[in-house]
Amino acid sequence: MIKISEDFCNTSTQVIIGQNAISHLSEIGENKKVAVFHPKKISIDEVKKYLKNYYDFPIDDGEEAKDISYSLKLIKDLFEKGFDRGDYVVAIGGGTVTDVVGFIASIYMRGLNLVNVPTTILGMVDAAIGGKTGVNFENVKNVLGTFYQPSVIIADLNFVKTLPVEEIKKGIAEVIKYGLVLDKELYDFLALHKEDIYNKDLSVLETVVYKSALNKLMVVKEDERETKGIRIVLNFGHTIGHAVEAGSGFKIPHGYAISVGMVCEAKIAEEMGYAEEGVVEDTTWILSHYELPISVDSLSEKIDVEKAIGAITKDKKVRGGKLLMPFPTRIGDWKRVDVPLETLKGFAEQCLR
Ligand SMILES: NC(=O)c1ccc[n+]([C@@H]2O[C@H](COP(=O)([O-])OP(=O)(O)OC[C@H]3O[C@@H](n4cnc5c(N)ncnc54)[C@H](O)[C@@H]3O)[C@@H](O)[C@H]2O)c1
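Residues numbered from 1 in each chain as written. Predicted model: local features only at pLDDT ≥ 70, side-chain atom pairs only at ≥ 80, totals over all residues. Heavy atoms only, no water.

Per an unreviewed UniProt entry, the protein carries the name 3-dehydroquinate synthase and comes from Stygiolobus caldivivus. In the Subcellular location (unreviewed entry) part of its UniProt record, the protein is described as follows: "Cytoplasm". You can read under Pathway (unreviewed entry) in the UniProt record for the protein the words "Metabolic intermediate biosynthesis; chorismate biosynthesis; chorismate from D-erythrose 4-phosphate and phosphoenolpyruvate: step 2/7." (UniProt positions renumbered as here; feature names shortened; annotations may be inferred.)

(A) Examining unusual backbone geometry more closely. Despite not being glycine, N20 has its phi angle at roughly 65 degrees, a positive value. Turning to its location among the elements, N20 is positioned in the loop between strand 2 (12-18) and strand 3 (34-39). Its identity is not glycine, yet E226 carries a phi of approximately 60 degrees, on the positive side. With respect to the helices and strands, E226 occurs in the loop between helix 8 (202-222) and helix 9 (238-247). (Helix = DSSP H or I, 4+ residues; strand = E, 2+ residues; numbered from the N terminus.)

(B) Structural detail: the sheet that holds strand 12 (residues 334-340). Spatially, three strands are ordered 10-11-12 in an open sheet, and the strand pairing comes out antiparallel. Edge positions in the sheet fall to strand 10 (318-319) and strand 12, since each of these pairs with one other strand and no more. The pairing of strand 11 (residues 322-328) with strand 12 spans seven bridges and is classified as antiparallel. Directly across from P328, in strand 12, lies its bridge partner W334. (Pairing = 2+ DSSP bridges.)

(C) Highlighting the UniProt feature "domain: 3-dehydroquinate synthase N-terminal" (unreviewed entry) in the protein. Within this structure's numbering, the places UniProt gives as "domain: 3-dehydroquinate synthase N-terminal" (unreviewed entry) are residues 58-169. The straight-line gap between the two end C-alpha atoms of residues 58-169 is 26 Å; of that span, 34% is helix and 24% is strand.

(D) Seen up close, the site of the ligand. Neighbouring the ligand are 23 residues; D61, T96, T119, T120 and T162 lie closest to it. D99 places a polar side-chain atom, nitrogen or oxygen, 2.8 Å from a nitrogen atom of the ligand. T162 has a polar side-chain atom sitting 2.7 Å from a nitrogen atom of the ligand. Those elements that place two or more of their residues in the shell around the ligand are helix 3 (95-107), helix 4 (121-127) and strand 8 (140-144). Residues that form the shell around the ligand fall into these classes: five nonpolar, eight polar and 10 charged. (Near = heavy atom within 4 Å. Polar contact = N/O pair within 3.5 Å; in protein donor to acceptor, adjacent residues only side chain to side chain. Nonpolar A, V, L, I, M, F, W, Y, C, P; charged D, E, K, R; others polar.)

(E) Spatial organisation of the packing of aromatic side chains. Under the defined criterion, the tally for this structure stands at five aromatic pairs. Between Y55 and F83, the aromatic rings sit 5.4 Å apart at their centres with planes inclined by 70 degrees, giving edge-to-face as the arrangement. Placement of the pair is Y55 in strand 4 (residues 54-59) and F83 in the loop between helix 2 (68-80) and strand 5 (88-93), with a sequence separation of 28 residues. On the basis of relative accessible area, Y55 is assigned to the partly exposed category, the value being 24%. Considering the side-chain rings of Y274 and F327, the 5.9 Å spacing of their centres and the 40 degrees angle between planes classify their relative orientation as tilted. Residue Y274 is located in the loop between helix 10 (254-271) and helix 11 (279-289), and its partner F327 is located in strand 11; the two are separated by 53 residues in the primary sequence. Owing to a relative accessible area of 30%, Y274 belongs among the partly exposed residues under this scheme. (Phe/Tyr/Trp six-rings, centres within 6.5 Å; stacked < 30°, edge-to-face > 60°. Buried < 20%, exposed > 50% of the residue type's maximum accessible area, 1.4 Å probe, protein only.)

As structure tokens, this is what we get:
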């Protein structure tokens, strides 16, 4: 079991990683009400043992459950059960659950205590950490959201036992991202452990989750609200990745889209002279080693290139005809670069056609 404690502006977050980490739930909510939100398909029999005064809220998960209308329904449930400030909300599930439940915990009575219990690799290494919550509005992703740090994050590797390998793959794309721009040691570890990871060796996965969580926490700690140009590093592969998602009508899963995005953005970094020789090769190698797509040809859906380029133009981060992007310089290191939109669109066309 590994424990990390981090202080953010107003909150102290404890992260507990390991098999049976869930037992730490017994330490929360003394004399308080505890709302346990979890997807209907994930049993909480194991969880119940550690809680006294809890209310069970089985919910829907997946992207449809991120519509704001569903959050309002969940808020009504809390209200009817008389939850008030000081009470606890536990979000058990993948990134869609921690995004939605984090959101309602942050706005209900100006904030309840939040405990995230991610059950997917993507949740454990990314979505449940860092305090961003988000729900969808008018079919646009994450238009509504808050910054709200959970007080505890419990990543119990036992949840991986039921997780399809396909879902592990999608999460590993984000782990590879940390390796490529922040952590050469993690890159080297990943290079050696593909079989262990896809065969669900839980002690290897524990190391992967720990190293990833540490990387994300360090970045978020330095730039919690994305105001200092540091948190942008987490966006590596995501500008082109979002374009791929948009160009496929959101049929390509995020993990696969950013995989193509990372290769493309590494190529742009190399061609613009920011990345050392070999970065593109190492990026492509590790992603294909993990059987992740490295070009649009390896995707299961066709990309509408006009739509994809349109998404780049509409990117929230465009300022004065330029887009601030994190470029890998060598494995484990990065640099912020202001890229003219027209230059980026030109490179993106080459990658996506
Ligand atoms: N807030 C953030 O910082 C942040 C960061 C990255 C992604 N996200 C969000 O995360 C979401 C994606 O997260 P996700 O990939 O975890 O999706 P998800 O929550 O939809 O889970 C993926 C699938 O795995 C299933 N599942 C979850 N845990 C399981 C388990 N232990 N065993 C078997 N099946 C299980 C779910 O039912 C679902 O079908 C997106 O909405 C994205 O916007 C948020």
